[in-house]
Amino acid sequence: MKSSLLKTSALATVFGLGATAAFAADEVRFMCYSDGNECEVYEDVLSRFEADNPEIDVIVDVVPYQAILENLPVQLAAGTGPDIAKVTDLGGLNQYYLDLAPHVDRGYWESAFGDTLNWYRGAAGGDGIYGMHSQLTITGGFVNATLFEQAGVALPASDASWSDWAAAATKVAKATGTDFPMAIDRSGHRVAGPAISYGAKLFDDAGDAILVDDGFTAFTQQFVDWHNDGTIARDVWAGQGGATYQDAAQEFINGELVFYYSGSWQVGRMDKNVGDFFDWKVVGSPCGPSGACSGMPGGAGIVGFEQTKHPKAVAAVIDYLAQEDVYAEVTARTRNLPAHSAVATKGVEFQDASPAAADALSAFAADLSDVSPIAFAYQGYAGNRAMYGITVERLSQAIVGELSVAEAMERASSDLKAALEETK
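Here the structure is a predicted model, which means the values were calculated and not measured.

1. Comments concerning the domain arrangement of the protein
No. 1: Here the protein is described as being made up of domain 1 (25-136 + 298-357) and domain 2 (139-297 + 366-423).
No. 2: Computed over C-alpha atoms only, the centres of domain 1 and domain 2 are separated by 28 Å.
No. 3: Between domain 1 and domain 2 we count one salt bridge in total.
No. 4: Arginine 385 is the salt-bridge partner of aspartate 89, the closest N and O atoms lying 3.9 Å from each other.
No. 5: Run the count over domain 1 and domain 2 and you get two residue pairs in polar contact (both at pLDDT 80 or more).
No. 6: Those elements that provide at least two residues to the side of domain 1 that touches domain 2 are α4 (65-78), β8 (297-304) and α16 (355-367).
No. 7: No other element matches the three residues that α4 contributes to the side of domain 1 that touches domain 2.
No. 8: Looking at side-chain class alone, the side of domain 1 that touches domain 2 contains ten nonpolar, eight polar and four charged residues.

2. Here we look at the pattern of salt bridges
No. 1: By the definition in use, this model includes eleven salt bridges.
No. 2: Across the pair arginine 48 and glutamate 329 runs a salt bridge whose closest N-O atoms are separated by 2.6 Å. Highlighted residues: arginine 48 in helix α3 (residues 38-52) and glutamate 329 in helix α14 (residues 324-334), separated in sequence by 281 residues.
No. 3: By relative accessible area, which is 34% here, arginine 48 ends up partly exposed.
No. 4: Between arginine 106 and glutamate 110 there is a salt bridge, with its nearest N and O atoms 3.2 Å apart. Linking arginine 106 with glutamate 110, this pair stays in helix α5 (residues 106-113), spanning four residues, or about one helical turn.
No. 5: Salt bridges linked by common partners bring Asp44, Arg48, Glu329 and Arg333 together as one network.

Thresholds applied
- Residues numbered from 1 in each chain as written.
- Predicted model: local features only at pLDDT ≥ 70, side-chain atom pairs only at ≥ 80, totals over all residues.
- Heavy atoms only, no water.
- Domains from an automatic or database assignment.
- Salt bridge = Lys/Arg side-chain N within 4 Å of Asp/Glu carboxyl O.
- Polar contact = N/O pair within 3.5 Å; in protein donor to acceptor, adjacent residues only side chain to side chain.
- Helix = DSSP H or I, 4+ residues; strand = E, 2+ residues; numbered from the N terminus.
- Nonpolar A, V, L, I, M, F, W, Y, C, P; charged D, E, K, R; others polar.
- Buried < 20%, exposed > 50% of the residue type's maximum accessible area, 1.4 Å probe, protein only.

Here it is, written out as structure tokens:
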């Protein structure tokens, strides 16, 4: 780690010993963001890697998530990016990725990570190994169970619809004087599952992206209506501009929100910050008129970049994190769902997780079986980042009344057409 390198360098300067060895090491910079404690855990386990590989120094640069979304692509385009990063635009940044295949055991990687490897291959496809899926996530609902109990309202059944949950959350909010019945993160990824459950196909029969169809429009209309009648906390979507991300986790933690639709990456945050303030639980993804009850899979991965001066060192670092024992340790300590098949099969005993957090993670894992194939295809689509951005911008304009729903859908279709033309 960086501190170890500084100490070694200082000693070498003072005593005039080992300076050549200290500065001969390959310096690998790892841009990392945390949903919880991920960067802290990576820094710890990579200190052991460094001890076994003194020729490699790994510097973990912790940054806000927004820097990954906005700054990293600019840096990569300018040739000034890091050697390694934790990313969520899995296929969209493929043009910059380092192919790890020449440096790792392909058989092991294909067995361990399976179909998630396709998420990193982008539009070009192929059989390269470009990233290790470090956090498998799924979207779903968090509920304040204490508020339901105080209101004397039963939690809707596991096959309840979005309309059922909207009605129940509204009833609870009114009975308890809670500020907001529902909220959904301001994210195109987050509303994709609900849209699919309302019948959105997102792709045509040939597999080409379309985004807008009758199902997507039906969800948009419902989403706008819920904002207008107070069912959904308005400021999460209406209080931001462009495609800026905004969550409502703090409102849920503060007890101001009955039902919060986000994802499994929030479990650690809830576990840490809610404490015994109230009882909370995960209820998965409600069902839509189409009969689907789909969330969106996703998560983050560790990738290397072609522009690195140390490709073998970069591959060695990522391959170390991909080994079953290390991957299992990181998963347990960060309380994330594993994408590594062997780790998932053996199960994970999450460290320092309260009973509520353990139950929540189990609930999210069980909900993976309900994810629509459309959702998996969308997550692996190289152009999904553009589609997410279009979704957020146009839905927000419909929510604030700048555009009608029909106009927003027309603009979204035109936006996607332009984005696809630009890509081609």
